[in-house]
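# Residue-level structural notes
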Amino acid sequence: MNYNLKNNSNPDWPIIPVKENFEPYFIFLLSPPYSGSTAISKIFINSTNVSQIHSKAEGQWLIKGLCSKDRWEKNKFINIKSVRSVWTSRCLKAAGCKRVSYFIEKSPPNMMRIELLMSIFPNHLLLSNNRNPYASISSAFYRNNKMLYSELSISNRTDKMMHITKKWVNRSIILKEQIIKHNIPHLSYEKFCEKPSILQENIDNALFRGAIKLNLMSKLKVKDYEPQLLNNMNNRQIKNLTKTDINIISEILKDHKELLTFFGYGLHKSSIL
């Protein structure tokens, strides 16, 4: 590991004293942004003994220093005591309210420093998730640009599509490396939607076997959609892409076919290359 662990008294890294002897159990879901991790986390917190330390199951937002602009940098400074104390205090608070011991944590940049988080919280389960790149890229584009996308020039739209696609590639490369290095069970968004019980199977084959029982039939409130049963939104997202968008994405992805194959994806059939 090559983490910068120098002493730091910066208020961006608060330290909250935790008096009780409490050791939380974390479920670290490694997933790029816009890849369906919210639906998976919602399934987890519908369980009677699983909670989250943040409303989005992303503890990064609890510590200013952790969610700063450099959060995707591999050698980013991390104040271990701050992460340990803030996250544990939130776990303890949730445990007191709901009598839970297990916590789903899915901050996307966690994949950059999962070894460190594993050392901070020794009781953990690792899972990974990814999503069809075209659906993920479309979701990222429209979520980040809101109504402005209709006003973008052709060149600006092209630049944004290229930028988001390169991000998907870079983060998927990192995710692949972590999956291989730590032998992490992989649960794609598509397989999860097709067979939700595969999530329960992954838990039962790991450290928390028998400890967590998921309610797979409950309605989920994901982002700004109405509460509904688990539903694959890929086609809906991909339909928002123009043929030009798809070709731009495919032009970049074609140089990463091995990466696509690893995650079970391929180039879009309508691509003109």
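A brief look at the structure comes next.

Rules behind the numbers
Each chain carries its own residue numbering, running from 1 in the written order of its sequence. Local features are withheld for residues below a pLDDT of 70 in this predicted model, meaning they are given only at 70 or higher, and side-chain atom pairs are given and counted only at 80 or more; totals for whole chains, interfaces and linings count all residues. As a convention, hydrogens and water are excluded, and side-chain values are obtained from all of the structure's heavy atoms. Numbering of helices and strands starts at the N terminus; helices are DSSP runs of H or I of at least 4 residues and strands are runs of E of at least 2. By the convention used here, residues are in contact when the closest approach between their heavy atoms is within 4.5 Å. Definitions used for this entry: grid spacing 1 Å over protein atoms alone; cavity, a set of points where a 1.4 Å probe fits but cannot get out; pocket, an open set with protein on both sides within 12 Å along at least 5 of 7 lines; lining residue, one with an atom within 4 Å of a point. Grid points are joined across faces, edges and corners, and a volume is the space filled by probe spheres set on the points. Classes in brief: Ala, Val, Leu, Ile, Met, Phe, Trp, Tyr, Cys and Pro nonpolar; Asp, Glu, Lys and Arg charged; the others, Gly included, polar. Each residue's exposure class comes from its accessible area (1.4 Å probe, protein chains only) as a fraction of the maximum for that residue type: buried when under 20%, exposed when over 50%, partly exposed otherwise. Stacked, tilted and edge-to-face are the three classes applied to pairs of Phe, Tyr and Trp rings, where Trp contributes its six-membered ring and a pair requires centres within 6.5 Å; stacked means planes under 30 degrees apart, edge-to-face means over 60, and tilted covers the rest. Basic side-chain nitrogens of Lys or Arg form a salt bridge, by our definition, when they fall within 4 Å of a carboxyl oxygen of Asp or Glu. Two strands are counted as paired when DSSP detects at least two bridges linking them. A fitted line through C-alpha atoms serves as each axis, taken over the contacting stretch for helices, and the angle formed by two N-to-C directions is quoted from 0 to 180°. Put simply, angles under 35 degrees are roughly parallel, angles over 145 are roughly antiparallel, angles from 65 to 115 are roughly perpendicular, and the rest are oblique. In this scheme the crossing of two helices becomes right-handed for a clockwise turn of the near helix relative to the far one and left-handed for an anticlockwise turn of less than a right angle. Definition used in this section: a nonpolar core is a set of buried Ala, Val, Leu, Ile, Met, Phe, Trp, Tyr and Cys residues joined via side-chain atoms within 4.5 Å.

Of the regular secondary structure elements, the protein chain holds ten helices and four strands. In sequence order, the secondary structure elements of the protein chain are arranged as β-α-β-α-β-α-β-α-α-α-α-α-α-α. The contacts in the protein chain between residues at least 6 apart in sequence include a share of 79% that link residues at least 24 apart.

The final tally for this structure, using the stated rule, is one cavity of 30 Å³ or more. Space inside the largest cavity adds up to approximately 60 Å³. By residue class, the composition of the lining of the largest cavity is four nonpolar, three polar and two charged.

Now for helix α1 (residues 37–45). Extensive coverage of α1 is indicated by the burial of seven of its nine residues. Residues of α1 that are buried make contact with β1 (25–30), β2 (50–51), β3 (102–105), β4 (124–128), α6 (189–194) and α7 (197–204).

As a further point, take the packing of aromatic side chains. By convention here, two paired aromatic rings are described through the distance between centres and the angle between planes. One pass over the full model with this rule turns up nine aromatic pairs. Arranged with centres 5.0 Å apart and planes meeting at 85 degrees, the rings of Phe262 and Phe263 form a pair that is edge-to-face. By relative accessible area, which is 34% here, Phe262 ends up partly exposed. Aromatic rings pair up to connect Phe26, Phe28, Trp87, Phe103 and Phe121 into one cluster.

The next thing to look at is the pattern of salt bridges. All told, the structure shown has eight salt bridges when counted by the stated rule. As a salt-bridge pair, Lys76 and Asp70 come within 2.8 Å of each other at their nearest N and O atoms. Among the residues examined, Lys76 registers a relative accessible area of 4% and is labelled buried. The residue Lys181 makes a salt bridge to Glu115 at a minimum N-O spacing of 2.9 Å.

Attention shifts here to the sheet that holds β1. A sheet is described by the order of its strands in space; here four strands give the open sequence β2-β3-β1-β4, paired in parallel fashion. Edge strands, defined here as strands with exactly one partner in the open sheet, are β2 and β4.

Here we come to the packing of helix α4 (residues 133–145) against helix α5 (residues 154–182). Between α4 and α5, the least distance of the axes is 10 Å, while the angle of their chain directions is 125 degrees. In terms of orientation, α4 and α5 fall into the oblique class. At the point where α4 passes α5, the crossing takes the right-handed sense. Touching Pro133, Ser136, Ile137, Ala140, Phe141, Tyr142 and Asn145 of α4 are Arg157, Lys160, Met161, Ile164, Thr165 and Trp168, all from α5. Class assignment of the residues belonging to the contact of α4 with α5 gives a composition of eight nonpolar, three polar and two charged.

Take the packing of α5 against helix α9 (residues 243–253) next. Interaxial distance between α5 and α9 falls to 9 Å at its minimum, and their mutual angle equals 40 degrees. Between α5 and α9, the angle is such that the two are oblique. Between α5 and α9 lies a crossing of right-handed hand. For the pair α5 and α9, the contacting residues are Arg157, Thr158, Met161, Met162, Thr165, Lys166, Trp168 and Val169 in the first and Asp245, Ile248, Ile249, Ile252 and Leu253 in the second.

In this section: the pairing of β1. By the criterion of burial, β1 is predominantly enclosed, with five of the six residues buried. Relative to β3, β1 runs parallel, the two sharing four bridges. Each residue of the ladder has a partner; that of Phe28, found in β3, is Glu105. Relative to β4, β1 runs parallel, the two being bridged by five bridges. In the sheet register, Ile27 faces β4, and the bridge partner there is Leu125.

This paragraph deals with the nonpolar core. Counting 55 residues, the largest nonpolar core has Phe26, Phe28, Ile63, Val83, Trp87, Phe103 and Trp168 as its most contacted members. At the level of secondary structure, the elements contributing two or more residues to this core comprise β1, α2 (80–98), α3 (114–120), α4, α5, α9 and α10 (257–263). Beyond its immediate stretch of four places on either side in the chain, Val83 contacts Trp13, Ile63, Leu66, Ile78, Thr88, Leu117, Ile120 and Phe121. Counting 19 residues, the second-largest nonpolar core is a separate cluster that includes Ala39, Ile40, Leu199 and Ile212.

Below, the discussion takes up the environment of Lys213. You can see Lys213 is positioned in the loop between α7 and α8 (234–238). Judged by relative accessible area, Lys213 falls into the exposed class, the value being 54%. When the C-alpha atoms of Lys213 and Phe44 are compared, they prove to be 8.8 Å apart, with 169 residues separating the residues in sequence. Other than its neighbours up to four places away in sequence, Lys213 contacts Ser47, Gln200 and Asp204.

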